[in-house]
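# Structural features, examined
Here's the letter readout for the chains.
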Amino acid sequence: MIRLNRRQMMGLGAAAAVGGVLTGAWGLHRTSQRLAGELLLDAFPGLQIEEADLRQFEQDFMQAYWLTQMERISLRGISAAVGLLGAGGVSWIPGVRGRLDHMRRAVITVFLTNSDYFTLENPTVDTVYYLGVDKNRPCGNPFARFD
Amino acid sequence: MLINRPPQDSTYDLVVVGTGFGSLFYLKRYQELYPGARILVLERGKYHTREWQLEQGQNSEIGYTDTYQMPEGQKRWSTTIALGGGTLCWWGITPRMSPEDFKMRSNFGVGVDWPITYDELVPYYRQAEQIMMISGPNDLEGRFPGTAPYPARPHHLSTPDELLKAASPNTHFAVPSARLREPVGSRGACCSTSRCHLCPMDAKFNALNAMMDVLGAENTFVLTDAEVTHLDIQNDVVKSVTYSHDGQDFSASGDLVVLGANAIQSPYLLQKSGDTHPVLGRYLHEKLSAIFEVHLDGVDAFDGGQASTGLNYGLYDSADRSQYGAATFYTENHWGTGLRTEYGRWRQILPLFVVIEDIPQEHNGVTVGDGSAPFVDHPDWSDYAYRGLDKVKENLPDVLSGLPVESVSMAYQLVTASHVQGTMRMGEDPETSIVDKDLIHHRVRNLTCVGTSVWSSCGVANPSLTAAALSLRAANTAFASQEDPS
């Protein structure tokens, strides 16, 4: 039988607490990352997109684009609540519906302007390729007229 | 390349502080008049190449909030301190100020009049537009009398612009801009990016792509990393300019000194140099600006040829400026606030960048503070500006009647439009202004102050073109025999 002294017990307890927090944070992070993809698929019913592209989009969206650190933290809480209650179940919470609408708009904009969606003849049937967020892409407006 | 060529002595014909629009255009005209003059140009910032700026995603390593102090919670001000100054970060939009902007007191009973008229500035506007190779429409004569054909044809309007133009031909125009439509030399054509401060095509006029002949002229010595700490003013004459460089203090004297740091740093330098004029540093102002979104029914946007495609004066013309600030708006050709979320209607949205003039208020300004950096105090825009914003909300639907509008809403108010104006105002009365109509300091007659610090009233126009024109006029008036430069 292993005997632990008081100091060892406290150390193990602290380690377990830190581990729990990290695991929870990782879980929330994963959940919020997936939320971007869920909103995307919800906005584009029947979207044909490769799994790897979808994951890359989720990752890019959460890491790089449009979201400040505070927004990300706040989003993780919302995302966890959506995971538990569903989007409809949390929309009554003050501020949450606005945040989700804001994120939905950002998801749609980032996806459309960083994929080949607008170049496809029939984007509801053809596979849409996500090209990746590149802030240095010099001329990102496919509709602009120059001639 | 003569940048950072060590000065060989300390005596010059001209010493220029700062390298933004005001300084560069003054310098350009001065060099034309005195090709052999010995000139020292002192720039606090570094020479950041275009490649450096694109790679770093910024115009200067000096953050604009690092160069001044302010009370917690107030709006910030953005300036660029680097070789080229505001020519680097600006977005290249070049409307003139309207004739009535110069006569606010006479026309509307508010604010003050400028000591010069629009008509006096016309030849210099033309010259600045030529130097910057402005792309613009040829139907602005009725609004800006004396507008010569722009050097380059205008960029494409967007579809919503075309509808607005058809409905209101005298109030809606293609945006005049310093963005090339066709490539010239090493500069490419505008690609309608929404990152004009870091133009990926080098299409936008800036100091590095269009004024290096000025900075590299024979007998012109440009020193970067040279922070001017004060001017030695004795008996109403600037005797010397003291600056620090490489950890050492230096002193340079010039027959003439041109002060064109920016509208925060320039008055601060004069204050630190012992100028105690009660108006110095006062009347700091800028336009109130906001983003509106217009949801359209069946019309797609974003198919214009540059970042902002249309300039509309419908709100400006109808304003009662004795009561509230006039406004203009730009139709935006980029989706900074996002596309629409309804399926398939992604592009049926028109963002508007709305600007509203303010009345400069004496209590807003720059002081020496603790002496380490300018202290900027600007609690808020005036009620005059906010009443203007209310009128925008009220009248915008009427102005947009040429469009199939579903809804109009204000998305958000901007913290700053990055136009810092008015801390060394121009005027006829030495008691109530700092410089005269020729930008010469009322008391210190070998000191010329350039740039947006000399603004007497706010107006709605982006100020860079006017700053350039004022400098061309100031140099010409001081040293040429009043001839029309055009």
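Further up the page is the structure itself.
My aim in this report is to walk through the structure given alongside it, one point at a time.

Quick notes on the rules
- Residues numbered from 1 in each chain as written.
- Chains lettered and ligands numbered in written order.
- Predicted model: local features only at pLDDT ≥ 70, side-chain atom pairs only at ≥ 80, totals over all residues.
- Heavy atoms only, no water.
- Helix = DSSP H or I, 4+ residues; strand = E, 2+ residues; numbered from the N terminus.
- Rg over C-alpha atoms; globule rule 2.2 N^0.38 Å.
- Buried < 20%, exposed > 50% of the residue type's maximum accessible area, 1.4 Å probe, protein only.
- Contact = heavy atoms within 4.5 Å.
- Phe/Tyr/Trp six-rings, centres within 6.5 Å; stacked < 30°, edge-to-face > 60°.
- Lys NZ or Arg CZ within 6 Å of the ring centre and 35° of its normal.
- Disulfide = S-S within 2.5 Å.
- Pairing = 2+ DSSP bridges.
- Axes fitted to C-alpha atoms, helices over the stretch in contact; angles between N-to-C directions.
- Polar contact = N/O pair within 3.5 Å; in protein donor to acceptor, adjacent residues only side chain to side chain.
- Salt bridge = Lys/Arg side-chain N within 4 Å of Asp/Glu carboxyl O.
- Right-handed = clockwise from strand over helix to strand, strands pointing away.

## Structural notes on the overall build of chain B
What chain B contains, in helices and strands, is twelve helices and 15 strands. The C-alpha radius of gyration of chain B comes to 22 Å, within 12% of the 23 Å expected for a compact globule of 486 residues. Within chain B, buried positions represent 62% of all 486 residues. In chain B, once contacts between residues fewer than 6 apart in sequence are set aside, the share between residues at least 24 apart is 74%.

## Comments concerning the packing of aromatic side chains
Within this structure, the stated rule accounts for 31 aromatic pairs over all chains. Each ring, one from Tyr313(B) and one from Tyr316(B), has its centre 5.6 Å from the other, and the planes form 90°; the classification is edge-to-face. Each member of the pair, Tyr313(B) as well as Tyr316(B), carries the same accessibility label: buried. Taken together, the aromatic side chains of Phe44(A), Phe57(A), Phe61(A), Phe111(A), Tyr117(A), Phe118(A), Tyr130(A), Phe143(A), Phe302(B), Trp335(B), Tyr343(B) and Trp346(B) make up a single cluster linked through ring pairs. Across from the ring centre of Trp77(B), 3.5 Å away, lies the NZ or CZ of Lys75(B), which sits over that ring. Here the guanidinium or amino end of Arg425(B) rests over the ring plane of Tyr283(B), the centre of that ring lying 3.6 Å away.

## Points about the state of the cysteines
Across all of its chains, the model carries one disulfide over all chains by this definition. Across the disulfide from Cys139(A) sits Cys191(B); the S-S distance is 2.1 Å. Between Cys139(A) and Cys191(B), the disulfide has an S-S torsion of -85° and is therefore left-handed. Remark: Cys191(B) occurs in the loop between strand 3 (172–174) and helix 7 (207–210) and Cys139(A) occurs in the segment after helix 5 (96–113); the pair is interchain, linking two chains. Residue classification places Cys191(B) among the buried positions, given a relative accessible area of 7%. Between Cys196(B), a free cysteine, and Cys190(B), which holds the nearest cysteine sulfur, the sulfur-to-sulfur gap is 6.2 Å. No disulfide involves Cys199(B); its nearest neighbouring cysteine sulfur is the one of Cys196(B), lying 6.5 Å away. By relative accessible area, which is 14% here, Cys199(B) ends up buried.

## As for the sheet that holds strand 3 of chain B
As a general point, the strands of a sheet are linked pairwise by backbone hydrogen bonds and lie either parallel or antiparallel. All names here are of chain B. On the basis of which strands lie adjacent, the open sheet formed by six strands has the order 3-9-10-11-8-14 and antiparallel pairing. What marks the edges here is a single partner per strand, and that holds for strand 3 and strand 14 (405–413). Pairwise comparison of adjacent strand axes, ignoring direction, gives a mean angle of 25° for this sheet. Sheet topology places strand 3 next to strand 9 (residues 308–312); three bridges connect them, and they run antiparallel. Within strand 9, the residue paired with His-172 across the bridge is Asn-312. In this fold helix 6 (residues 159–167) packs onto strand 3, strand 8 (288–296), strand 9, strand 10 (327–332) and strand 11 (349–356), with an angle of close to 135° to the strand it touches most, strand 3. The sheet contacts of helix 11 (residues 383–399) involve strand 8, strand 9, strand 10, strand 11 and strand 14, and relative to strand 8 the element is tilted by about 20°.

## Notes on the side chain of Gln271(B)
Residues and elements named next belong to chain B. By secondary structure assignment, the location of Gln-271 is in helix 9 (residues 265–272). From its side chain, Gln-271 meets the backbone oxygen of Val-366 in a polar contact 2.8 Å long. In contact with Gln-271, not counting residues within four places along its chain, are Leu-280, Gly-281, Val-366, Thr-367 and Val-368.

## Section: the side chain of Lys75(B)
Residues and elements named next belong to chain B. Its place among the elements puts Lys-75 in the loop between helix 2 (50–56) and helix 3 (86–89). Taking relative accessible area as the criterion, Lys-75 reaches 10% and is therefore assigned buried. In this structure the side chain of Lys-75 is engaged in a polar contact, spanning 2.5 Å, whose partner is the side chain of Glu-286. Here the side chain of Lys-75 touches Val-415 through a polar contact of 3.5 Å, landing on its backbone oxygen. Here Lys-75 is in contact with Met-70, Glu-286, His-378, Trp-381, Val-415 and Thr-416, once residues within four sequence places are set aside.

## Some details on the pattern of salt bridges
The tally for this structure, following the rule as stated, stands at 31 salt bridges over all chains. Taking the shortest distance from any N to any O, the salt bridge between Asp101(A) and Arg104(A) comes out at 3.0 Å. Residue Asp101(A) and its partner Arg104(A) are located together in helix 5, separated by three residues, close to a single helical turn. Residue class for Arg104(A) comes out partly exposed when judged on its relative accessible area of 23%. Taken together, the salt bridges that share partners define one network made up of Asp297(B), Arg340(B), Glu342(B), Arg345(B) and Glu406(B).

## Description of the pairing of strand 1 (residues 11–17) of chain B
Residue and element names in this part refer to chain B. With five of seven residues buried, strand 1 lies mostly within the body of the structure. The pairing of strand 1 with strand 7 (residues 248–259) spans six bridges and is parallel. Bridge pairing links Tyr-12 to Gly-254 in strand 7. Where strand 1 meets strand 2 (residues 39–42), four bridges bridge the pair, whose relative direction is parallel. Each residue of the ladder has a partner; that of Leu-14, found in strand 2, is Ile-39. What joins strand 1 to strand 2 is helix 1 (residues 21–33), and the crossover it makes is right-handed.

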